[in-house]
Amino acid sequence: MDSKIVENLRCQGYILAHFPHDCLVENALTGFLNFLALSVETRKLWTFKGKNEDDETGYLPREKPINKMTGYAYDHKDVLHFRPDLYARLNKRDVPLSKEDREWLVGLTELFHKTEDLAVNIKNEIASYYPETKCGKITRYDKNVLRLLRYHMKKREGGLIGLGHVDESFITLHLGDNFPGLKIGSDARLTTIQKNMALVY
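Since the structure is predicted, the reported quantities are computational estimates derived from the model, not experimental observations. (Residues numbered from 1 in each chain as written. Predicted model: local features only at pLDDT ≥ 70, side-chain atom pairs only at ≥ 80, totals over all residues. Heavy atoms only, no water.)

Enquirer: Honestly, the pattern of salt bridges in this entry has me stumped. Any pointers?
Expert: Between side chains of opposite charge, a pair can form as their charged atoms come close. One pass over the structure, following the stated rule, counts five salt bridges. Here K49 and E56 are joined by a salt bridge, their closest N and O atoms 3.6 Å apart. With relative accessibility at 61%, the residue K49 sits in the exposed group. Salt-bridge contacts for D85 lead to R89; the nearest nitrogen and oxygen are separated by 3.3 Å. (Salt bridge = Lys/Arg side-chain N within 4 Å of Asp/Glu carboxyl O. Buried < 20%, exposed > 50% of the residue type's maximum accessible area, 1.4 Å probe, protein only.)

In structure tokens, the structure reads:
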């Protein structure tokens, strides 16, 4: 693990980490777009609510009303929260799954675990750099989630599609996109994903 990870995170707010799994990422995105082509009724069979948003799994449409202060709509997007138990949940509910669905879920499971491996390494690097936090050795836990997003292409103020926000998770790994434009930091710095790399912030 690069010893400069923490220094670079602190200085610029993000790093690029080696993640040689572009094929898995591409298959995940392609499968997600195919899933979104299904009827809304079919997609909602994949929805599993939890006590709060952190516990939700599966298909999670996000449709929020107009912000009365700005007059602009909140982000309108489709979300899929993937955790390895999604396959079992779908089977328990007797949701019909095509061969393509099953292959996509297997690929998402592999991508989830490889992403989790990278996240654990980075978290442990941070923990070793800041021992006073007493966070110790950080390992896998059930709050980790692989998140697939499709923002609806309705531009907001300033030409933005997605509104600015702060990720509440400990660490975010941005693996890929098919519409470049992610901006990070207080200076809204445009960032891009390089081949076989993950953006970490």
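Now, onward.
Enquirer: Would you take a moment to explain the pairing of strand β4 (residues 77–82) for this structure?
Expert: Sheet faces and side chains relate simply in a regular strand, where the side chains alternate between the two faces. For β4, the buried fraction is high: six of the six residues fall into the buried class. Side-chain alternation along β4 places K77, V79 and H81 on one buried face and D78, L80 and F82 on a second face that is also buried. Relative to β4, strand β3 (residues 57–59) is paired through two bridges, and the arrangement is antiparallel. Residue pairing in the sheet places Y59 in a bridge with L80 of β4. As paired elements, β4 and strand β5 (residues 146–151) share six bridges and run antiparallel to each other. Considered in β5, the bridge of V79 is made with L149. (Helix = DSSP H or I, 4+ residues; strand = E, 2+ residues; numbered from the N terminus. Pairing = 2+ DSSP bridges.)

Enquirer: Looking at this structure, I do not really get the nonpolar core. What am I missing?
Expert: Nonpolar side chains tend toward joint burial in soluble globular proteins. Core analysis: the largest hydrophobic core is formed by 34 residues, its most contacted members being W46, L80 and L108. Of all elements in the fold, only β1 (15–18), α2 (22–36), β4, α4 (86–92), α5 (99–129), β5 and β9 (197–200) reach the threshold of two or more residues within this core. Of all the elements, α5 adds the most residues to this core, at nine residues. Not counting the four nearest positions on each side in its chain, L80 is found in contact with F32, F35, W46, G58, Y59, W104, L108, L146, R147 and L148. (Core = buried A, V, L, I, M, F, W, Y, C linked by side-chain atoms within 4.5 Å. Contact = heavy atoms within 4.5 Å.)

Enquirer: Even after reading the chapter, I still don't get the environment of L29, so can you show me in this structure?
Expert: The topology assignment puts L29 in helix α2. Taking the C-alpha atoms as reference points, L29 and D177, 148 residues apart in sequence, are found 8.0 Å from one another. Contacts of L29, omitting those with residues within four sequence positions, involve G176 and D177.

Enquirer: How should the confidence of the model for the protein chain be read in this particular structure?
Expert: For any part of a model where pLDDT is low, the fine detail of the predicted coordinates should not be relied upon. On average, the protein chain scores 77 in pLDDT, and the residues at 70 or more come to 64%. Considering each helix and strand of the protein chain separately, the mean pLDDT is smallest for strand β8 (residues 189–190), with a value of 66, and largest for α4, with 96. (pLDDT = per-residue confidence, 0-100.)

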